[in-house]
Amino acid sequence: MPGLVVFGRRWGLASDDLVFAGAFELFIRIIWWIGILVLYVRNKGQFICPGEGLLHSYLIVLLILLAAIILTLSAVVYVSMQGSISNPGPRRSIPALIYIRTLLYVPELVWAVLGAVWVSDDSPGCDKSAVNTVIGAVVVSWIILFFTVVAVLIVFDPLGSKRQGYLDSHGDRDLQSSESAQLMYRARSLAARVWESRIKLMCCCIMQEKDNRAAFSSIGQLFSEFFSDTDLVASDIAAGLSLLHQEQDKLEKSRDPEEVVVSPSPASHTREDLDIELENAAHYMQFAVAAYGWPLYVFSNPLTGVCKLSRDCCRSRSPEYDIVDGDHVGCHFTSMLYTTGLQYRDFIYISFHNKIYEIPFFVALDHKKEAVLVAVRGTLSLRDALTDLSADCENLLLEGVSGPCYAHKGIKQAANYIYKKLINDGILNQAFTIAPEYKLVITGHSLGAGTAAVLSILLRSAFPLLKCYAFSPPGGLLSKPLADYSKEFIVSVVLGKDLIPRLSIPNMEDLKRRILRMVANCNKPKYQILLRGCWYEVFGGNPDDFPTELESQNPHGLSLPILAERRSTSYHSLASEDAPSHLQHQPLYLPGRILHIVEESTTGR
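Residues numbered from 1 in each chain as written. Predicted model: local features only at pLDDT ≥ 70, side-chain atom pairs only at ≥ 80, totals over all residues. Heavy atoms only, no water.

Undergrad: Which parts of the structure should I look at to understand the UniProt feature "transmembrane region" (unreviewed entry) in the protein?
TA: Using the residue numbers shown here, the UniProt feature "transmembrane region" (unreviewed entry) corresponds to residues 20-41, 53-78, 98-119 and 131-156. In residues 20-41, helix accounts for 100% and strand for 0%; the two terminal C-alpha atoms are 32 Å from one another. Annotated as residues 131-156, this span is 96% helix and 0% strand, and its ends, taken at the C-alpha atoms, are 37 Å apart. (UniProt positions renumbered as here; feature names shortened; annotations may be inferred. Helix = DSSP H or I, 4+ residues; strand = E, 2+ residues; numbered from the N terminus.)

Below, the structure written as structure tokens:
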């Protein structure tokens, strides 16, 4: 932090990211140099073969060239180890060293070509060890050059020139405000297009579907907005997450073990209600799991799952599959029968149709609980992930609810799709014709839980007694009025520290601010933070107590952002004064009442 600026553009790495890569190449170069030197000394510079003159000159120049590269890499590694993440001042000479190292690639490339020519034309008759050494030198040269090109492509930032141009102009107070606004608008538009292109590249297998274009554009805009206001690179985020994890563990361990939060004993009827909801949640969870089909069944039954499903996966379509819409129905349908314990005649409708905003679900009769059950599948495909990532707010018109009503865009559209199938295609009407006295229950897990919750809100007016059990629904789902309204008929089940129920754009923004604070106030080099963080994550131990400049250099009680700004004048936040209002995302909440299940530290239950 900030990103490294060389060759007139910003790159996707910082000046303190060259420690590990530089040290690894330095190790290879030293071994290589020692091998060449041993070969040369052992033969005392005398090689008896047709190409001895060229070989002698090749080895001498190669030793000198490797020595120059080793010295340059040593300087790069040493300088990159200096300073801290938010204090790049001691590393100001890194760009000059990179220019020197880049220039050394030219003679290295020439010498690699020259070595290849010698091996092919003049090596016959020469000492075998000399020939093998030259071949090894040529191969290693080409391998290093290849991985260098790959590394450049990885750290290349398509927005580098635009962002650096913005930062330069942002510091020019004489620049007209209209010009600055136009430059910022172009930069943001380009960022959105770049993120959209990245997402399309990752999702190339579903690019041909025309309905996906709007989703790609929306997700690209969301990602560009989230990352546009910070000058962080990937390693900064990794270091910040490591520091934040250790900081949270320190706070957890510093709590008084005898400090217990005692809540009043619930009334007997409340306790009974809770027991009923726990029993219902345990029952309906199996239907939420069954909606995933054979993949989760095989995962849950690794020893017997494949054998049980193999017969039905391969056999021809039988009459009972007429209720099934989708591909590979045999495996899916059979796994549902095993998971739920239902008979095929208990299923009213099953759909494995899957597109963006259109997710699989099934409708069945649960005779044990006397319910018409709608179970919605969670995230299992790339299309489902894109539905998850369409996290903007979209209005959800609902009578009888005061206040703004909006929901997660992708999940709301998925709920609309299922709602139309259930109502317009007469699926629910068919189910209640068979069992008119049954109640309606909707369930799902993850994406399916969020969709089930929104679907319940849409169906509540037609089915006032419906219930919804949402297992691990996304945290950024409903506006506050809708979340309060849904407490009458939705139960959200959250297990421990599950990530999904805490995942929302405002929470991600908060995480980003916490990471910025951690990396801005830690005065340790990044490589030390990453090494210690990897050790802590793998082997555990006590959280490291990294001293911070905040503690030693904040005698006047300056706020964190002010202190960070004074420490690193080269750090830029694009959101400082030009952040548009749409970057402030509306808070969204979990649906209904929340049943939070945690493990007791004493009993492990």
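Undergrad: Teacher, can you tell me more about the packing of helix 14 (residues 409-424) against helix 16 (residues 447-459) here?
TA: Think of two packed helices as two axes; the pair is described by the angle between the axes and how far apart they sit. Direction vectors running N to C along helix 14 and helix 16 enclose 55°, while the axes themselves pass 8 Å from each other. Taken together, the axis directions place helix 14 and helix 16 in an arrangement best described as oblique. The two elements helix 14 and helix 16 meet at a crossing, and its hand is right-handed. On helix 16, the residues touching Ile 411, Lys 412, Ala 414, Ala 415, Asn 416, Ile 418, Tyr 419, Leu 422 and Ile 423 of helix 14 are Leu 447, Gly 450, Thr 451, Val 454, Leu 455, Leu 458 and Leu 459. Partitioning the contact of helix 14 with helix 16 into residue classes produces twelve nonpolar, three polar and one charged. (Axes fitted to C-alpha atoms, helices over the stretch in contact; angles between N-to-C directions. Parallel < 35°, antiparallel > 145°, perpendicular 65-115°, else oblique. Left-handed = near helix turned anticlockwise from the far one by under 90°. Contact = heavy atoms within 4.5 Å. Nonpolar A, V, L, I, M, F, W, Y, C, P; charged D, E, K, R; others polar.)

Undergrad: Which parts of the structure should I look at to understand the pattern of salt bridges?
TA: Where side chains of opposite charge bring their charged atoms close, a pairing between them can arise. By the definition in use, this model includes 22 salt bridges. Between Glu 247 and Lys 250 there is a salt bridge; the shortest N-O distance is 3.4 Å. Of this pair, Glu 247 and Lys 250 both sit in helix 8 (residues 234-254), three residues apart, which is roughly one turn of that helix. On the basis of relative accessibility, which here comes to 29%, the residue Glu 247 falls in the partly exposed class. In this structure, a network of salt bridges that share partners links the residues Asp 16, Asp 17, Arg 91, Asp 236 and Lys 526. (Salt bridge = Lys/Arg side-chain N within 4 Å of Asp/Glu carboxyl O. Buried < 20%, exposed > 50% of the residue type's maximum accessible area, 1.4 Å probe, protein only.)

Undergrad: How should I be thinking about the packing of aromatic side chains in this particular structure?
TA: Any two aromatic rings considered together are summarised by their centre-to-centre distance and by the angle between their planes. Scanning the entire structure with this criterion turns up twelve aromatic pairs. Taking 6.4 Å as the distance between ring centres and 45° as the angle between the ring planes, the aromatic pair formed by Tyr 284 and Phe 287 counts as tilted. Here Phe 287 and Tyr 284 lie together in helix 9 (residues 268-290), a separation of three residues that amounts to about one turn. Relative to Phe 539, the ring of Trp 535 has its centre 4.4 Å away and its plane inclined at 40°; by these criteria the two rings are tilted. Of the two residues, Trp 535 and Phe 539 both sit in helix 19 (residues 526-539), four residues apart, roughly one turn of that helix. Owing to a relative accessible area of 49%, Trp 535 belongs among the partly exposed residues under this scheme. When its relative accessible area of 57% is taken as the criterion, Phe 539 is described as exposed. The cationic tip of Lys 480 hangs over the ring face of Tyr 589; the distance from NZ or CZ to the ring centre is 6.0 Å. (Phe/Tyr/Trp six-rings, centres within 6.5 Å; stacked < 30°, edge-to-face > 60°. Lys NZ or Arg CZ within 6 Å of the ring centre and 35° of its normal.)

Undergrad: Help me out: how do you make sense of helix 19 in this one?
TA: An α-helix turns once every 3.6 residues. As a result, residues three or four positions apart point the same way. Spanning 14 residues, helix 19 covers 20 Å between terminal C-alpha atoms, matching the ideal 20 Å at 1.5 Å per step. Buried within helix 19 we find Lys 526, Tyr 527, Ile 529, Leu 530, Arg 532, Gly 533 and Tyr 536. Looking at the buried positions of helix 19, the neighbouring elements they touch are strand 2 (9-14), helix 1 (18-42) and helix 8. Downstream of helix 19 by one or two residues, Gly 540 has phi in the positive range, about 75°. (Expected span 1.5 Å × (residues − 1).)

Undergrad: For this particular structure, what's the right way to read the environment of Arg 198?
TA: On the secondary structure map, Arg 198 appears in helix 6 (residues 177-202). The exposure class of Arg 198 is partly exposed, given its relative accessible area of 30%. Along the backbone, Arg 198 and Phe 216 are 18 residues apart, and their C-alpha atoms lie at a distance of 9.5 Å. In this view, Arg 198 contacts Asp 157 and Pro 158; residues no more than four positions away in its chain are not counted.

Undergrad: For this particular structure, what's the right way to read the packing of helix 8 against helix 19?
TA: Where helix 8 meets helix 19, the closest approach of the two axes is 9 Å, and the angle between their N-to-C directions is 55°. Between helix 8 and helix 19, the crossing angle belongs to the class labelled oblique. Crossing of helix 8 over helix 19 shows left-handed handedness. On helix 19, the residues that touch Ser 235, Asp 236, Ala 238, Ala 239, Ser 242, Leu 243, His 245, Gln 246 and Asp 249 of helix 8 are Lys 526, Ile 529, Leu 530, Arg 532, Gly 533, Tyr 536 and Glu 537. When grouped by side-chain class, the residues that make up the contact of helix 8 with helix 19 number six nonpolar, five polar and five charged.

Undergrad: Sorry if this is basic, but what is going on with the side chain of Thr 340 here?
TA: With respect to the secondary-structure elements, Thr 340 resides in helix 12 (residues 329-340). In this structure Thr 340 comes out as buried when scored by relative accessible area, which is 9%. A polar side-chain atom of Thr 340 sits 2.7 Å from the main-chain carbonyl oxygen of Met 336. In terms of polar contacts, Thr 340 uses its side chain to reach the backbone amide nitrogen of Leu 342, at 3.2 Å. Not counting residues up to four positions away in its chain, the partners in contact with Thr 340 are Gln 286, Phe 287, Ala 290 and Phe 347. (Polar contact = N/O pair within 3.5 Å; in protein donor to acceptor, adjacent residues only side chain to side chain.)

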